[in-house]
Amino acid sequence: SSPLFPYTTLFRSKDYRGSSLMMSDIEFSYDIQPAKSTGRFTKNGLRIIPHTGGILNKNENIFVYFEIYNLALDNDGDAMYKIDYTIRKRNPLNSDKPGYFNVLGKEIINKESNKKEVITTTRTETVKQKDTFNYLLFDMKGLSAGVYDMTIDIKDLISGETTTSDYSFYLSKR
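Residues numbered from 1 in each chain as written. Predicted model: local features only at pLDDT ≥ 70, side-chain atom pairs only at ≥ 80, totals over all residues. Heavy atoms only, no water.

Caption draft 1: Highlighting the packing of aromatic side chains. One pass over the full model with this rule turns up six aromatic pairs. Ring geometry for Tyr 85 against Phe 138: centres 5.7 Å apart, planes inclined by 70°, an arrangement best described as edge-to-face. Here Phe 138 lies in strand E9 (residues 132–138) and Tyr 85 lies in strand E7 (residues 79–89), a separation of 53 residues in the sequence. Overall, the relative accessible area of 1% leaves Tyr 85 in the buried class. By relative accessible area, which is 5% here, Phe 138 ends up buried. An aromatic cluster of at least three residues, connected via ring pairs, comprises Phe 28, Tyr 148, Tyr 167 and Phe 169. (Phe/Tyr/Trp six-rings, centres within 6.5 Å; stacked < 30°, edge-to-face > 60°. Helix = DSSP H or I, 4+ residues; strand = E, 2+ residues; numbered from the N terminus. Buried < 20%, exposed > 50% of the residue type's maximum accessible area, 1.4 Å probe, protein only.)

Caption draft 2: Representation of the sheet that holds strand E5 (residues 55–57) within the structure. Judged by pairing direction, the sheet is mixed, and its five strands sit side by side in the order E5-E11-E10-E7-E8 without closing on themselves. Looking at strand neighbours, the two that pair on one side only are E5 and strand E8 (118–127), the edges of this open sheet. The average angle at which neighbouring strand axes cross in this sheet is 30°, direction not considered. Taken together, the nine bridges between E7 and strand E10 (residues 146–156) define a ladder with antiparallel strand orientation. Its bridge partner lying in E10, Asp 84 is registered against Asp 153. (Pairing = 2+ DSSP bridges. Axes fitted to C-alpha atoms, helices over the stretch in contact; angles between N-to-C directions.)

Caption draft 3: Broad picture of the side chain of Lys 58. Structurally, Lys 58 is set in the loop between E5 and strand E6 (62–69). Within the local environment of Lys 58, its side chain forms a polar contact with the backbone oxygen of Lys 141, the two atoms lying 3.2 Å apart. Within polar-contact distance, the side chain of Lys 58 engages the backbone oxygen of Leu 143 at 2.5 Å. Apart from the residues lying within four places of it in its own chain, the contact partners of Lys 58 are Met 140, Lys 141, Leu 143, Ser 144, Leu 171, Ser 172 and Lys 173. (Polar contact = N/O pair within 3.5 Å; in protein donor to acceptor, adjacent residues only side chain to side chain. Contact = heavy atoms within 4.5 Å.)

As structure tokens, this is what we get:
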């Protein structure tokens, strides 16, 4: 700790060793492109401009990036997996998950909470390694502002193992 930064935080990285199927945390990004050089925002040959804060603007590109570890390989050395993406608007009236709060401590709720807003997509991939990565661009222009829950389900099509990662965010209309 220093006079300028008097707070410290304990950070623990996940341990991806082992043999069970795992995935990294979901990373939101404004832009993902092939990297022309290595640098601070380079991963797996991609330049990933991070988006932080949990508030996304529905009128901007929203990429999702994550890594997958410990896929099973078949006799030909191929790994095959399926990814199910779901982005669903949270209905605060019948949700057991906490909502987002404004600066006055009042929960932000959607007056049109009966409207079902969801994006789903599925991808099946075949790769030649047991550790890989994936990214996808989501167009959220058609969704209304509010709190959303994203779920990414991965199924290893060789071993049958599954893993899931969830992330909640606020989609703004600006």
